[in-house]
Amino acid sequence: MLSFQFMQYALLAALMTGMTTPAIGTYLVQRRLALLGDGIGHIALTGVALGVLTHTTPIITAVIVSSIGAIAIELLRAYGHTSGDVALALLFYGGIAGGVLLINLAGGTAAQLNGYLFGAITTISSTDLLLVLVLAVVILVVALGLAPQLFAVCQDEEHARVSGVPVRLYSILIAVLAAVTVTVAMRTVGLLLVSALMVVPVATAQQLTRSFKTTVALAMAIGTVAAVAGVTTSYFANTQPGPTIVVLALGVFVLVTPIGTMLRSRRNRRAAAYPESRLDV
Amino acid sequence: MTAPDPVAIRDVSIALAGRPVVRRADLTVGTGAFVALLGSNGSGKSTLMRAAVGLIPYQSGSIELFGTPVADFTERQRIGYVPQKSSAVAGVPSTIREVVMSGRLARRPFIGLATRADRKAVDDAIELVGLADRARDSAALLSGGQQQRVMIARGLAGGCDLLVMDEPLAGVDQHSQEVLAVLFQKLLDSGTSIWMIAHELGTLRHLIDQAVVLQDGQVVYTGSEAGYVDDHHADHHPHLGSPTRQPGVTTEGVWNP
């Protein structure tokens, strides 16, 4: 399997996707913006179509368009008196419609977008791979390097603002990071499934963990294993890699859930054993 | 020359979405003082406090923190803020220590790991609120009162000179109130100033240096807590005297002793 260059590329791209998506996904889940990745995925489709129309590498146009879209969502949330979910909905539909329209203008059909909607990891080119590698490193450096600030902003905006943290700037940074992550994962799992890799590993990890740090680390590990195992499975089972990765990630979630329930009830019992807790109602 | 007051609010009016919420309010929190801001729901207490820490703009008057206009105030580490109904629980599990560590942000450089001083300050703050044995537990396992204590520990972790709290006693059990009373006494002894919004003063009553009462956005009383309860202002107190009945509201369903 590893003697094929396309499989080497595919596994490397899967590794990057598996590591980056949960790293940024944890912040989105903490902010209760789990579906932001999905919204941005829709906008990225317009970017892809724009790349096709202008004969530019679609990853580059997708990064630009989805970043602009992500900033627009944040600004709508902050200034537009639009609630987060409505801001998301506006961009969901605009993104899909824009993508299909632009592809039509380029003389193509919506079917051409399939490779981006559901991923086409085995057709990834060396240019694509290089871009994915660079973007993934940027995401990891920012998401882990600025963890204290990003954690504070996602945990309690008001407290962060009084502490002098430029909350709006960081909110935009998180949205742009999510946009770049979507683009990194676009060729691996596809735009429609990217949000799954941002959310499912985090949802799985937090059943077992009690700290933010271990949640991020475990989610990244689960994401990486699911992505690499998914690509490998798809090679032998002759299935599409994107959906295979997502189904594997969901499988881990289902397996872990009963363990998480057991752990939580044990912790609750232990917490109840503290004498002062009994005073609290 | 004496040090400037931690909070100096002069003749401040605040409108939210065009509606006047606070009208020409004055409030001072002196160094080492414990000031309670009282008033019924919707009297503008939170609005005034949020403007004072720079979360929302105000229309006229002046607000100074430690002698600096709030808009230009940069020594953020001097303020420990405990927002209203804040919760230690977000979408992802976090330990008490992690939550309290974000109280160190104003003191930490832009990038880099937490130093030994950061970790010590966090441990000390958790110790002060009486949760040292729970520091590594997930905040989600705590009761409401314990979570409020975590939020106060976060406010204290930066080593503030002024602790600003929006209803820290709401939903807090008796034991937590007692822990807080001891803590606040310690803070006041060390020269920290405290400004808090409250409905019920409970076990903290004897610590209050000054009560400020807002009614319909206006300050109607400033003075000792005891004086407010005992004199003719008693009918303004949200938890004393009989409730004022709005025109058009019948007495049906109202309990009259």
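Described below are features of the structure shown in this document.

The rules behind each value
Residues numbered from 1 in each chain as written. Chains lettered and ligands numbered in written order. Predicted model: local features only at pLDDT ≥ 70, side-chain atom pairs only at ≥ 80, totals over all residues. Heavy atoms only, no water. Helix = DSSP H or I, 4+ residues; strand = E, 2+ residues; numbered from the N terminus. Buried < 20%, exposed > 50% of the residue type's maximum accessible area, 1.4 Å probe, protein only. Contact = heavy atoms within 4.5 Å. Pairing = 2+ DSSP bridges. Axes fitted to C-alpha atoms, helices over the stretch in contact; angles between N-to-C directions. Parallel < 35°, antiparallel > 145°, perpendicular 65-115°, else oblique. Nonpolar A, V, L, I, M, F, W, Y, C, P; charged D, E, K, R; others polar. Core = buried A, V, L, I, M, F, W, Y, C linked by side-chain atoms within 4.5 Å. Phe/Tyr/Trp six-rings, centres within 6.5 Å; stacked < 30°, edge-to-face > 60°. Lys NZ or Arg CZ within 6 Å of the ring centre and 35° of its normal. Salt bridge = Lys/Arg side-chain N within 4 Å of Asp/Glu carboxyl O. Polar contact = N/O pair within 3.5 Å; in protein donor to acceptor, adjacent residues only side chain to side chain. 1 Å grid on protein atoms, 1.4 Å probe; cavity = no way out; pocket = protein on both sides within 12 Å on 5 of 7 lines; lining within 4 Å. Points joined across faces, edges and corners; volume = space filled by probe spheres on them.

Concerning the side chain of A:Thr244
All names here are of chain A.
Part 1 of the reasoning: As for its position among the elements, Thr 244 is in helix α12 (residues 241-272).
Part 2 of the reasoning: Of the residues examined, Thr 244 reaches a relative accessible area of 13% and is grouped as buried.
Part 3 of the reasoning: When neighbours within four sequence positions are excluded, Thr 244 is seen to be in contact with Gly 230, Thr 233, Ser 234 and Thr 239.

Some thoughts on the pairing of strand β1 (residues 7-16) of chain B
Residues and elements named next belong to chain B.
Part 1 of the reasoning: In the sheet, β1 pairs with strand β2 (residues 19-29) via seven bridges, with the strands oriented antiparallel. Residue Leu 16 lies in a different strand from β2, and its bridge partner there is Arg 19.
Part 2 of the reasoning: In this structure, β1 lies alongside strand β4 (residues 60-65), joined through five bridges in antiparallel fashion. Bridge assignment links Ala 8 to a residue of β4, and that residue is Glu 64.

A word on the sheet that holds strand β3 (residues 34-38) of chain B
Residue and element names in this part refer to chain B.
Part 1 of the reasoning: Spatial strand order, β6-β7-β8-β3-β9-β10: six strands in an open sheet with mixed pairing. Two strands bound the open sheet, and with one partner strand each, they are β6 (79-82) and β10 (218-223). Ignoring which end each strand starts from, the neighbouring axes of this sheet average 15 degrees apart.
Part 2 of the reasoning: Pairing analysis gives four bridges linking β3 to strand β9 (residues 210-215), with the strands arranged parallel. Residue pairing in the sheet places Ala 36 in a bridge with Ala 211 of β9.
Part 3 of the reasoning: In this fold helix α1 (residues 45-52) packs onto β3, β6, β7 (162-166), β8 (193-197) and β9, with an angle of close to 145 degrees to the strand it touches most, β8.

Description of unusual backbone geometry
Only a minority of non-glycine residues have a phi that is not negative, and only a minority of peptide bonds are not trans.
Residues and elements named next belong to chain B.
Part 1 of the reasoning: Notably, Ala 17 is not glycine yet its phi reads approximately 50 degrees, a positive angle.
Part 2 of the reasoning: Locating Ala 17 in the fold gives a position in the loop between β1 and β2.
Part 3 of the reasoning: Phi angles above zero are rare outside glycine, and Glu 167 is one such case at about 50 degrees.
Part 4 of the reasoning: Within the element layout of this structure, Glu 167 appears in the loop between β7 and α5 (174-189).
Part 5 of the reasoning: The class of Glu 167 is buried, set by a relative accessible area of 12%.

Topic: the packing of helix α1 (residues 5-30) of chain A against helix α10 (residues 194-205) of chain A
The angle between the axes and the distance between the axes are what describe a pair of packed helices.
Residue and element names in this part refer to chain A.
Part 1 of the reasoning: Orientation of α1 relative to α10, taken along the N-to-C sense of each, is 70 degrees, at an axis distance of 7 Å. In terms of axis orientation, α1 runs roughly perpendicular to α10. Note on element contacts: α10 touches α1 through Val 194, Leu 197, Met 198, Val 199, Pro 201 and Val 202, opposite Thr 17, Thr 21, Pro 22, Ile 24, Gly 25, Thr 26, Leu 28 and Val 29.
Part 2 of the reasoning: Of the residues that constitute the contact of α1 with α10, the class distribution is ten nonpolar, four polar and no charged.

Some points on the nonpolar core
Part 1 of the reasoning: Core analysis: the biggest nonpolar cluster contains 86 residues, and A:Leu36, A:Ile40, A:Ile73, A:Leu191 and A:Val231 have the highest contact counts within it.
Part 2 of the reasoning: In this structure, A:Ile40 is in contact with A:Ser66, A:Ala70, A:Ile73, A:Ala175, A:Ala178, A:Ala179 and A:Val182, ignoring residues within four places of it in sequence.
Part 3 of the reasoning: Core analysis: the next-biggest nonpolar cluster, separate from the first, contains 42 residues, B:Ala153, B:Cys160, B:Ile194 and B:Val213 among them.

Observations regarding the packing of aromatic side chains
Part 1 of the reasoning: This structure, assessed with the given rule, holds eight aromatic pairs over all chains.
Part 2 of the reasoning: With a centroid separation of 5.4 Å and an interplanar angle of 35 degrees, the aromatic rings of A:Phe4 and A:Phe6 are classed as tilted.
Part 3 of the reasoning: Taking relative accessible area as the criterion, A:Phe4 reaches 39% and is therefore assigned partly exposed.
Part 4 of the reasoning: Judged by its relative accessible area of 35%, A:Phe6 is partly exposed.
Part 5 of the reasoning: Its guanidinium or amino end placed over the ring of B:Phe66, B:Arg78 lies 3.9 Å from that ring's centre, counting from NZ or CZ.

Focus: the pairing of β10(B)
Residues and elements named next belong to chain B.
Part 1 of the reasoning: For β9 and β10, the ladder comprises five bridges, and the chain directions are antiparallel. The partner of Gln 215 across the bridge, within β10, is Gln 218.
Part 2 of the reasoning: A loop of two residues connects β9 with β10, the two strands running antiparallel in sequence, and Asp 216 in this loop sits at a positive phi of about 50 degrees.

With respect to the interface of chain B and chain A
Part 1 of the reasoning: With 42 residues of chain B in contact, the opposing surface of chain A contributes 37 residues.
Part 2 of the reasoning: Our enumeration of links across chain B and chain A arrives at three salt bridges.
Part 3 of the reasoning: A:Glu158 is paired through a salt bridge with B:Arg50; the nearest N and O atoms lie 2.1 Å apart.
Part 4 of the reasoning: For the interface between chain B and chain A, the tally reads nine residue pairs in polar contact (both at pLDDT 80 or more).
Part 5 of the reasoning: Elements with a minimum of two residues in the side of chain B that touches chain A: β6, α2 (96-101) and α4 (144-157) of chain B.
Part 6 of the reasoning: Considering only residue class, the side of chain B that touches chain A consists of 18 nonpolar, 13 polar and eleven charged.

Regarding empty space enclosed by the protein
To find the voids left in a structure, one rolls a probe of water-molecule size over its atoms.
Part 1 of the reasoning: Per the counting criterion, the structure on display carries three cavities of 30 Å³ or more.
Part 2 of the reasoning: Considered as a void within the structure, the largest cavity measures approximately 90 Å³ in volume.
Part 3 of the reasoning: What lines the largest cavity is a set of 15 residues, and nearest its centre among them are A:His159, A:Ser163, B:Ile79, B:Gly80 and B:Gly103.
Part 4 of the reasoning: Looking at the lining of the largest cavity, the elements that each hand over two or more residues are α8 (157-162) of chain A together with β6 and α4 of chain B.
Part 5 of the reasoning: Of the residues forming the lining of the largest cavity, the biggest block, three residues, is contributed by β6(B).
Part 6 of the reasoning: Of the residues contributing to the lining of the largest cavity, the split by class is five nonpolar, eight polar and two charged.

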